[in-house]
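Coordinates in review
One letter stands for each residue in the lines below.
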Amino acid sequence: MKIKTQFLFSVSRTIFNTIPKTPLEKTRLAAVSTITTASALINENFAEQFKNDDPKRGCLDDDIGNLRMINYSIRCLDALNFSQKGFSEITDQMAGKALHAFCIVGSVNLSVFHNNTLINMYSKLGNIKHARYVFDKLCQRNGASWSTMLSGYVRVGLYREAGELFCQMWGLGVEPNGFMIASLITSCSRSGSMIDEGFQVHGFVVKIGMFSDVYVGTALVHFYGSIQLPYNAQMIFEEMPDCNVVSWTSLMVGYSDSGNPGEVINVYQRMRRNGVCGNQNTFATVTSSCGLLEDRFLGYQVLGHVIQNGFDGNVSVANSLISMFSSFSNVEEACYIFDSMNERDTISWNAMISTYAHHGLCRESLICFHSMRRLHDETNSTTLASLLSVCSSVDNLKWGRGIHGLVVKSGLDSNVCICNTLLTLYSQAGRSEDAELVFRAMAERDLISWNSMMACYVQDGNCLDGLKLLTELLQMGKVMNHVTFACALAACSHPDFLTEGKTVHALIIVSGFHDDLIVGNALITMYCKLGMMMEAKQVFQTMPQPDRVTWNALIGGHAENEEPNEAVKAYKSMREKGTPGNYITMVNVLGACSAPDNLLKRGKPFHGHIVCTGYESDDYVKNSLITMYAKCGDLNSSNYIFAGLANKSSITWNAMVAANAHHGHGEEALKLFNEMRNEGVVLDQFSFSGGFSATANLGVLEEGQQLHGLVIKLGFQSDLHVTNAAMDMYGKCGGMQDVLKILPQPINRSRLSWNILISASARHGCIQKGTETFHEMLQHGPKPDHVTFVSLLSACNHGGLVDEGLEYYNTMTNEFGIVPGIEHCVCIIDLLGRSGRLSEAESFIKTMPVPPNDLAWRSLLAACRIHGNFELGRKTAERLLESDPSDDSAYVLYSNICATSGRWKDVEFLRKQMGSKNVKKQPACSWVKIKDKVHSFGIGDKNHHHPQAIQIRAKLGELMKTTKEAGYVANTSFALHDMDEEEKEYNLWNHSERIALAFGLINTPENSTLRVFKNLRVCGDCHSVYKFVSEIVGRKIVLRDPYRFHHFSGGKCSCGDYW
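Per chain, residues are indexed from 1 in the order of the written sequence. Only residues with pLDDT of at least 70 get local features here, since the model is predicted, and only at 80 or more are side-chain atom pairs given and counted; chain-wide, interface and lining totals rely on the full set of residues. Side-chain measures here rest on the full set of heavy atoms in the structure, leaving out hydrogens and waters.

A few points about the pairing of strand S3 (residues 1010-1014)
Just so we agree on the cut-off: A simple rule labels every residue: compare its accessible area, found with a 1.4 Å probe on the protein chains alone, to the largest value its type can have, and call it buried under 20%, exposed over 50%, or partly exposed in between. For helices the rule is a DSSP run of H or I covering at least 4 residues; for strands it is a run of E covering at least 2, with both sets numbered from the N terminus onward. Note on pairing: DSSP must find at least two bridges between two strands before they are called paired.
Within S3, 4 of the 5 residues are buried, leaving the element largely enclosed by the surrounding structure. Pairing geometry for S3 and strand S4 (residues 1037-1040), over 4 bridges, is parallel. Bridge pairing in S4 places Leu1010 opposite Ile1037.

Quick look at the layout of surface pockets
Rolled over the atoms, a probe as big as a water molecule pinpoints where empty space is left. We apply this condition: A pocket here means an open set of points on a 1 Å grid, computed over the protein atoms alone, that has protein on both sides within 12 Å along at least five of seven lines. A cavity is instead a set of points where a 1.4 Å probe fits but cannot get out; residues with an atom within 4 Å of a point line either one. Grid points are joined across faces, edges and corners, and a volume is the space filled by probe spheres set on the points. Residues were grouped as follows: Ala, Val, Leu, Ile, Met, Phe, Trp, Tyr, Cys and Pro as nonpolar; Asp, Glu, Lys and Arg as charged; and all remaining residues, including Gly, as polar.
There is about 520 Å³ of room inside the second largest pocket. Thr186, Arg190, Thr218, Ala219 and Val246 are the residues nearest the centre of the second largest pocket, which is lined by 20 residues in total. Elements represented by at least two residues in the lining of the second largest pocket include exactly helix H8 (143-155), helix H10 (178-191), helix H12 (214-226) and helix H14 (245-257). Taken together, the residues that form the lining of the second largest pocket break down as 7 nonpolar, 11 polar and 2 charged.

Remarks on the side chain of Thr876
Here is the rule: Contacts are residue-level and defined by heavy atoms, with any inter-residue pair within 4.5 Å sufficient.
As for its placement among the helices and strands, Thr876 is situated in helix H51 (residues 870-883). By relative accessible area, Thr876 is classed as buried at 1%. Look past the residues within four positions of Thr876 in its chain and what remains in contact with it is Trp857, Leu860 and Leu861.

As for helix H25 (residues 432-441)
Selection rule: Throughout, the arc means the angular range of directions from the helix axis out to the C-beta atoms.
Those residues of H25 that fall on the buried side of the exposure criterion are Ser432, Asp434, Ala435, Val438 and Phe439. The buried side chains of H25 occupy one side of the element, clustering within an arc of 160 degrees when seen end-on. Those residues of H25 that are exposed and angled more than 90 degrees off the buried face are Leu437 and Ala441.

Some words on the pattern of salt bridges
As a working rule, side chains carrying opposite charge can pair if their charged atoms are close by. What counts, and what does not: Salt bridge, as used here: a side-chain nitrogen of Lys or Arg that lies within 4 Å of a carboxyl oxygen of Asp or Glu.
A full pass over the atoms with the stated rule returns 25 salt bridges. The closest approach of N and O atoms between Asp728 and Lys732, which form a salt bridge, is 3.2 Å. Linking Asp728 with Lys732, this pair stays in helix H42 (residues 720-733), spanning 4 residues, or about one helical turn. Residue classification places Asp728 among the partly exposed positions, given a relative accessible area of 24%.

Quick word on the nonpolar core
Nonpolar side chains in soluble globular proteins generally cluster together in the buried interior. Basically, it comes down to this: In this description, a nonpolar core means a group of buried Ala, Val, Leu, Ile, Met, Phe, Trp, Tyr and Cys residues linked to one another through side-chain atoms lying within 4.5 Å.
Within the largest apolar cluster, 211 residues are counted, with the highest numbers of intra-cluster contacts made by Ile181, Ile185, Val205, Phe688 and Phe692. One finds Cys796, Ile818, Ala863 and Leu881 within the second-largest nonpolar core, a separate group that totals 49 residues.

Focus on the packing of H10 against helix H11 (residues 195-208)
To keep things clear, this is the line we draw: Note on method: axes are straight lines fitted to C-alpha atoms, helices fitted across the in-contact stretch only, with angles between N-to-C directions ranging 0 to 180 degrees. Comment on the angle field: the value is read as roughly parallel under 35 degrees, roughly antiparallel over 145, roughly perpendicular from 65 to 115, and oblique elsewhere. A clockwise turn of the near helix away from the far one marks a right-handed crossing, whereas an anticlockwise turn of less than a right angle marks a left-handed crossing.
Closest axis-to-axis distance for the H10/H11 pair is 9 Å, and the angle between their directions is 160 degrees. By the criterion of interaxial angle, the relationship of H10 to H11 is roughly antiparallel. Read as a crossing pair, H10 and H11 show a hand that is left-handed. Taken together, the residues of H11 that come into contact with H10 (itself represented by Ile181, Leu184, Ile185 and Cys188) are Glu197, Gly198, Val201, Phe204, Val205 and Ile208.

Focus on the packing of aromatic side chains
Centre-to-centre distance and the angle between the planes together describe a pair of aromatic rings. Worth spelling out the cut-off: When the centres of two rings from Phe, Tyr and Trp lie within 6.5 Å, Trp using its six-membered ring, the rings pair. Their planes under 30 degrees apart give stacked, over 60 give edge-to-face, and anything left gives tilted. In this scheme, the term charge over a ring applies when either NZ of a lysine or CZ of an arginine sits within 6 Å of the ring centre and within 35 degrees of the ring normal.
A complete count under the given rule lists 32 aromatic pairs for this structure. For the ring pair Phe937 and Phe999, a centre distance of 5.2 Å and an interplane angle of 55 degrees mean the geometry is tilted. One end of the pair, Phe937, is in strand S2 (residues 933-937); the other, Phe999, is in helix H56 (residues 992-1003), and 62 residues separate them in sequence. According to the relative accessible area criterion, Phe937 is buried, its value standing at 2%. Where Tyr968 meets Trp989, the ring centres are 6.1 Å apart and the plane angle is 90 degrees; that geometry is what we call edge-to-face. Here Tyr968 is found in the loop between helix H54 (949-965) and helix H55 (981-988), whereas its partner Trp989 is found in the loop between H55 and H56, with 21 residues between them in sequence. Considered together, Tyr968 and Trp989 belong to a single accessibility category, that of buried residues. One aromatic cluster is present, formed by Phe774, Phe789, Tyr808 and Phe816 through successive ring pairs. Above the plane of the ring of Phe439 lies Arg445, whose end atom (NZ or CZ) is 4.3 Å from the centre. Looking at Arg749, its charged tip hangs above the ring of Trp754, at a distance of 4.4 Å from the centre.

Topic: the sheet that holds S4
By definition, the strands of a sheet pair up through backbone hydrogen bonds, in either a parallel or an antiparallel sense. What the 6 strands build is an open sheet, ordered S2-S1-S3-S4-S5-S6; its pairing is mixed. Either end of the sheet is taken by a strand with one partner, and the two such strands are S2 and strand S6 (1052-1053).

Looking at a nonpolar patch on the surface
Defined as follows: The residues that make up patches have over 30% relative accessible area and no salt bridge, and they are joined within 9 Å when like-charged or within 5 Å when they are Val, Leu, Ile, Met, Phe, Trp or Tyr. In these tables, accessible area is a Shrake-Rupley quantity obtained with a 1.4 Å probe, and a residue counts as shielded only by the protein chains included in the view.
A cluster of nonpolar side chains, namely Tyr583, Ile584, Tyr620 and Ile651, defines an oily patch on the protein surface of about 330 Å² accessible area. Tracing the sequence through the fold places Ile651 in helix H38 (residues 650-662).

Describing the packing of helix H33 (residues 564-576) against helix H35 (residues 599-613)
Between H33 and H35, the shortest axis-to-axis distance is 11 Å and the interhelical angle comes to 30 degrees. By the angle class used here, H33 and H35 are roughly parallel. You can see that H33 and H35 cross each other, and the crossing is left-handed. For the pair H33 and H35, contact is made by Pro564, Asn565, Val568, Tyr571 and Arg575 and by Lys601, Arg602, Phe606 and His609, respectively. Classifying every residue of the contact of H33 with H35 by side-chain character gives 4 nonpolar, 2 polar and 3 charged.

Notes on unusual backbone geometry
Trans is the common state for peptide bonds, and a negative phi is the common state for residues other than glycine. Not every positive phi belongs to a glycine, and Asn1007 is a case in point at roughly 70 degrees. Turning to its location among the elements, Asn1007 is positioned in the loop between H56 and S3. Given a relative accessible area of 71%, Asn1007 falls into the exposed group. A positive phi angle is found at Asp1057, which is not glycine, with a value near 60 degrees. Tracing the sequence through the fold places Asp1057 in the segment after S6.

Side note on H38
The cut-off we apply is this: Each helix should span, by expectation, one fewer than its residue count multiplied by 1.5 Å.
For H38, with 13 residues, the first-to-last C-alpha span of 18 Å sits near the 18 Å given by 1.5 Å per residue. Within H38 the residues assigned to the buried category are Thr652, Trp653, Asn654, Ala655, Met656, Val657, Ala659, Asn660 and Ala661. Of the surrounding elements, those touching the buried residues of H38 are helix H36 (619-631), helix H37 (635-643), helix H39 (666-678) and helix H40 (685-698).

Quick look at the environment of Val722
Considering the arrangement of structural elements, one finds Val722 in helix H42. Looking at Val722, the relative accessible area reads 1%, which means it is buried. Not counting residues up to four positions away in its chain, the partners in contact with Val722 are Gln685, Phe688, Phe692, Val711 and Phe716.

Focus on the pairing of S2
Where strand S1 (residues 926-930) lies against S2, 5 bridges are found, and the strand directions are antiparallel. Pairing of Ile930 across the sheet is with Lys933, part of S2. Connecting the antiparallel pair S1 and S2 is a turn made up of 2 residues, with Lys931 showing a positive phi of about 60 degrees.

Shown next, in the form of structure tokens:
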């Protein structure tokens, strides 16, 4: 008996300790109840123990104290009227179990009502096993018992168990009521996999005549809405005899979940006309729909209704208002709502963080998160997902990594949604290797995970890895969707993956996605990028309902494939079909007008159309107009549009920098770049690309190095696009060693990286390095393309590797399936011609797969000049002048051939012809950059009024003397005038590259590298002089002409005297 009493006392103390103190009585009262007989039971047990205990043991005082404690606890519990409320108000599981034990040990017989409240208590507290145990032990059950147990299963997510219990109840002959049926339908709604069972319950409701019950009808409306059948929900709603606010709200939620916010507003307006006032769920749903519709006026009207009905202080409604104002891009209003809330839950904080994140306000998002952790002390996966989304950029990646650490610390790294957001974070920040680590570490992956990783690979240029993921999905038999195929098609948008692209297309047809709009658009885009416009049109014609994106993809494809007529024709068809264009449409059509002959015929008329349609104010369209005029050769119009812009974005500045660089206005491009920085415009990878292009064209290594320093300072050195531009700049400015320093590892190189390295090697005379790079590319890199082979054939041409060049040309066509272009053919003509195989070069021109252009004939003519073949040179010059009588290079080269053959009368005749036709020879010019100033020289500039003319003449005389002493003998065949040998030699020392050399030696420090630039091919005799001078003065001299770099050192040149 003593043990029993001690147990009862222990239980009493447990209950007593769970009762919170009230301000007035300072006693413990809680949402727990007791029974009126408990006091008598404890007193009886205590009295029995008192008789059996030995008074000498000194326990009397303790037991009396304990008895008082128990009685005090009982009186507190009695005050809460257990007989009427039972267990219904208990919110603490320990207290509930203690009181339940109290009743069992005290042998108290609980009524059916008290047992029902006990079942409800256990189910609310998530202990469904205890609830079912109590239910099964009931000797007597009423309808409420079954209903409570049924709703308990639904509450904890055991939906099938709820269905089984209902079947058991029906089998025992218990008549269901509206609450039971409503709970059963709710279980079908929430399960996501009991749709058929839901239909069966609907039929059962009709059969037993309970459709008129408002709770049942509302549950059915909610069920059909939850399975994306809102119109079925509408039909049930219309048949309901009575509808309450919950019924109306359920219908709205159904339309909202189905992505039809317009119908939500219609139902809400109808509800108001019927005189039904909304509740918190109503207004939460309606405000969310206003946000989705982006209808500000409607949103403010609903806000008025919220205030009018007194729901402006409701947490869930306020949360929806924050989201609504976020959709309106009104962050200030969202902040006002948030700051005005007296109470905030986790959703409130998440809504505010999401608002900041949606508008790219990373700093504000992180500050809000800091406040949330300090004031609310509860975060969830939604919080971290929003933060990760706003950190998805190179600039904010460090914060994203920090949030990733919190994800791991919080144990949410196993959450699929969070992991998918992490994949997006690293993908958008260009960190595919980090994304891959997250993906491979995921214990569970859904289709979004696979699609995100595939998109990441494609975005990073790892198309093969993206297609491997598709293969894995197929092998595992996983279900794919339109996003999967869209990503796979994007991976195939390169000529290397043409076969794979057609295979994916076949797979799409087999899988039944060929009519999907997004997949159709992706197919058109793929075929356009592959240059297969016929196939793109066929896909377009088979699409059931092409939208604006479809038309834009087709027009953009025509533009990309340089089909301006087709682009304009497609745009006209688009308008005739009634599909409105947008700024992307305008940009695509302008992109098609990129040649000088398109400006008057298409470019300017379309500019007029843009003005008429009101798209001239769009920043993207303005930038495209700048680019269009620049590409068509009208840089003045580009400058005019640029000057007229009030607000110039980084895109606008980039377009102008690129336009000037494209037209050889390098100094103006760099000036614009500096203005851009002074204006505080944020630089991006395209800004640096334009800057590097300008410095490369100018050949100004120092400015290029400064620009590269800025790249490193701003953290763009890991951007492959910028790295490639920097490599190209160094290659064109003579910094071959710098190219190798910043060259990415083979595994990280893009095709462009490999091409730039091969081209730079060829340009600098590193022929072996160029061919080795090509073979390394075949082992590690992507498949070579037509640009790769242009660079490779150019390397062979510079190195005189005739047989190797012919072999590479055959490999290009036979092994890699690349159709030879005019650039490849010109390389072969030059390769054969420079090596003296002129007849083979002429035969190749006659049989090559593309019609010869002026470059082809000019290469043959230059070869005739080198080898003195007058007859072939004459025929070639006639062909050139026949196609273009104003071609100055044809006159000059043919004149040089005549001069070296001693045909001075022919030389004089050609010069007269040039004069009569007003054809002017491009004057030779050489320059040297000293500090921040470029010093340029023409032929004979040493005799002009140059500030250092006397020093230059003296230096040239010194060089003439020292070179002759070192063994130099003038090659007067390069003096193309009819005069005696002495005068010819004198004229050779007047060449611009020698004057620039003398000036450079005077004005640059000893032991430094001297860099000289020339606009025409270097003279052969000047080349000899440079070799002698490099040995005499003991300096490295770099001479750049339009074709290559000559690195002179120790009396030798990197070209090996073959150029």
